[in-house]
Amino acid sequence: MIYTFLHNGDTAVTVQFKNEISKEVNGYVTSLSDRMEKEGIKGVTELIPAFASLTVVYDPVVISSRKLQRKIKRLLSSVRENQKSDKVIYKIPVCYEGDFAPDMEHVIRHTGLSREEIVRLHTGTDYLIYMLGFLPGFAYLGGMDSRLNTPRLASPRAEIFEGAVGIGGEQTGIYPVASPGGWQLIGKTPVKVYDKSKENPILYKAGEYIRFFSVSYEEYLQIEKAVQAGTYTVERTVLA
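Note that the coordinates shown come from a computational prediction; the quantities given were computed from them, not determined experimentally. (Residues numbered from 1 in each chain as written. Predicted model: local features only at pLDDT ≥ 70, side-chain atom pairs only at ≥ 80, totals over all residues. Heavy atoms only, no water.)

**Side note on the overall build of the protein**
Summing up its helical and strand segments, the protein has five helices and 14 strands in all. Seen through its principal axes, the protein has C-alpha atoms that stretch 55 × 40 × 40 Å. For the protein, the residues scored as buried account for 47% of the 240 residues in total. When contacts within the protein are restricted to residue pairs at least 6 apart in sequence, long-range pairs at least 24 apart make up 63% of them. As displayed, the protein has an accessible area near 12,500 Å², and 49% of this comes from carbon and sulfur atoms. Treating the 29 positive side-chain charges of the protein as one cloud and the 28 negative ones as another, the clouds have centres 8 Å apart. (Helix = DSSP H or I, 4+ residues; strand = E, 2+ residues; numbered from the N terminus. Buried < 20%, exposed > 50% of the residue type's maximum accessible area, 1.4 Å probe, protein only. Contact = heavy atoms within 4.5 Å. Areas by Shrake-Rupley, 256 points an atom, 1.4 Å probe, with all protein chains shown as cover. Lys, Arg positive; Asp, Glu negative; His and termini not counted. Charge placed at Lys NZ, Arg CZ, Asp CG, Glu CD.)

**Structural notes on the sheet that holds strand β3 (residues 44–49)**
Read across the open sheet, the four strands follow the order β1-β2-β4-β3; overall the sheet is antiparallel. The two strands at the open ends of the sheet, each matched to only one other strand, are β1 (4–7) and β3. This sheet shows a mean twist of 20 degrees between the axes of neighbouring strands, independent of strand direction. The pairing of β1 with strand β2 (residues 12–16) spans four bridges and is classified as antiparallel. Residue T4 lies in a different strand from β2, and its bridge partner there is Q16. (Pairing = 2+ DSSP bridges. Axes fitted to C-alpha atoms, helices over the stretch in contact; angles between N-to-C directions.)

**Here's the deal with the packing of aromatic side chains**
Scanning all chains against the criterion turns up 15 aromatic pairs. For the ring pair F51 and Y130, a centre distance of 5.5 Å and an interplane angle of 50 degrees mean the geometry is tilted. Of this pair, F51 sits in the loop between β3 and β4 (53–58) while Y130 sits in strand β6 (residues 127–132), and the two are 79 residues apart along the sequence. Since its relative accessible area comes to 10%, Y130 is described here as buried. Measuring from ring centre to ring centre gives 5.2 Å for F138 and Y140, while their planes differ by 75 degrees; the resulting arrangement is edge-to-face. The class for F138 is buried, based on a relative accessible area of 2%. The ring of Y209 carries K87 above its face, with NZ or CZ at 4.6 Å from the centroid. (Phe/Tyr/Trp six-rings, centres within 6.5 Å; stacked < 30°, edge-to-face > 60°. Lys NZ or Arg CZ within 6 Å of the ring centre and 35° of its normal.)

**Quick notes on the sheet that holds strand β9 (residues 164–168)**
If you walk across this open sheet you meet the three strands as β10-β9-β12, and the pairing is antiparallel. In the strand order of this sheet, the two ends are held by β10 (171–174) and β12 (184–188), each with one partner. Direction aside, neighbouring strands of the sheet carry axes that sit 25 degrees apart on average. Examined bridge by bridge, β9 and β10 share four bridges and lie antiparallel to one another. By the bridge assignment, I167 is partnered in β10 with T172.

Scope: geometric values only; no functional claims are made or implied.
Have a look at this one:
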């Protein structure tokens, strides 16, 4: 895999891979990020994975840019030799009913699919988390069935409710907190994918997967109650 180093001032360097959005390229990004995290290089303060790059923030008093790049090159050699890793899947409940899905009828009209077909297609994929951004815990997901593609709203909403699940063009995702947004809302999850009260506030990380599953309104309320009580655990599956 071809890569280059891009300098971001005196405290960060970006490892840029092939400039494309693909599972293969993103696999190198997440594999390098995982290896650097395990390596625990002294002086590295933050790792920021994106679609096709990894930005490494460091303390120049502790480690020089040249020394850091040498260490990264060594790790990249092992990434090239063995990129395969376990597949981690988080199963997220979603209610696709009523007020939780204010744009479902629009998606039905645009796609020509029935409500049942939309739910079946939306829950029938393991979505790769390419990167996190925009909002804390907002996952940029890949793998949505092209039959679900629906343009964003012509006029974005001033506020979208926390836990909203939507479609924006070729993408789908979860709004982890209430915020403005223009995606077509087709459901809501009671799970808090971002919880600032926890030591690790974000449920998942780049390189892992999300799989949605449909729940009724009554099941949603039961899960929501368990989430509030701290007794609900998101199912996490690891496939070797």
